[in-house]
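Examining the three-dimensional arrangement
Here's the letter readout for the chains.
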Amino acid sequence: MAQAERQGWKIVCRAMGLLPAEAIQGRLATAGIPAVLDYDGVSRMLGIPIYAGTGEVRILVPIERLAEARELLGPEADDEAEDDAE
């Protein structure tokens with residue numbers, strides 16, 4: 001995923017580590033909102049376990065579902081993420 005964004009997808013929130021990100025992804029999936037996780041490959045190259053909370057994971061949803069995802073996540077949603085990703 002180039003620059004933390006795919007065409008047609010926007011960052012809805014960020015999490016520290018893979019486990020919290022997967023929990024958020026699961027909440028979105030339960031609501032029928034597709035979500036993908038994006039994180040830097042440096043952690044994998046250096047053998048640093050991202051699941052241990054050592055790196056930022058960006059959670060992306062389709063642009064047309066962004067408002068719905070933000071409403072579902074409430075305060076967890078990153079209102080500034082959309083501006084950061086552009």
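Below, the structure is looked at part by part. The model shown is predicted, which means the values in this text are computed figures rather than measured ones. (Residues numbered from 1 in each chain as written. Predicted model: local features only at pLDDT ≥ 70, side-chain atom pairs only at ≥ 80, totals over all residues. Heavy atoms only, no water.)

Okay, the environment of Glu64 next. Mapped onto the fold, Glu64 is located in the loop between strand E3 (56–62) and helix H3 (66–73). As for Glu64 and Gly8, which are separated by 56 residues in sequence, their C-alpha atoms are 8.3 Å apart. (Helix = DSSP H or I, 4+ residues; strand = E, 2+ residues; numbered from the N terminus.)

Every buried residue of H3 is accounted for by Leu66, Ala69, Arg70 and Leu73. Across the axial projection of H3, the buried residues extend over an arc of 100°, all falling on one side. Turned more than 90 degrees away from the buried face of H3, the exposed residues are Ala67 and Glu71. The first or second residue beyond H3 is Gly74, which carries a positive phi of 60°. (Buried < 20%, exposed > 50% of the residue type's maximum accessible area, 1.4 Å probe, protein only. Arc of directions from axis to C-beta.)

This next bit is on the sheet that holds E3. Spatially, E1-E3-E2 is the arrangement adopted by the three strands of the open sheet, whose pairing is antiparallel. With one partner strand each, in any of the chains shown, strand E1 (9–16) and strand E2 (36–39) form the two edges of the open sheet. Between one strand and the next, the sheet's axes are offset by a mean angle of 30°, whatever the strand orientation. In the sheet, E1 pairs with E3 via seven bridges, with the strands oriented antiparallel. Looking at E3, one finds that Trp9 is bridged to Pro62. Across the sheet, H3 lies against E1 and E3, angled at about 25° from E1, the strand it touches most. (Pairing = 2+ DSSP bridges. Axes fitted to C-alpha atoms, helices over the stretch in contact; angles between N-to-C directions. Contact = heavy atoms within 4.5 Å.)

Note: α-helices contain 3.6 residues per turn, so residues at a spacing of three or four share the same orientation. In this model helix H1 (residues 18–30) runs 18 Å from its N-terminal to its C-terminal C-alpha over 13 residues, within 8% of the 18 Å that 1.5 Å per residue would give. Buried residues of H1: Leu18, Ala21, Ile24 and Leu28, and no others. Here the buried residues of H1 occupy an arc of 125° about the axis, which is enough to place them on one side. For H1, exposure combined with an orientation more than 90 degrees from the buried face picks out Leu19 and Thr30. Those residues of H1 hidden inside the fold are in contact with E1, E2, E3 and H3. Residue Gly32 follows H1 closely and has a positive phi angle near 85°. (Expected span 1.5 Å × (residues − 1).)

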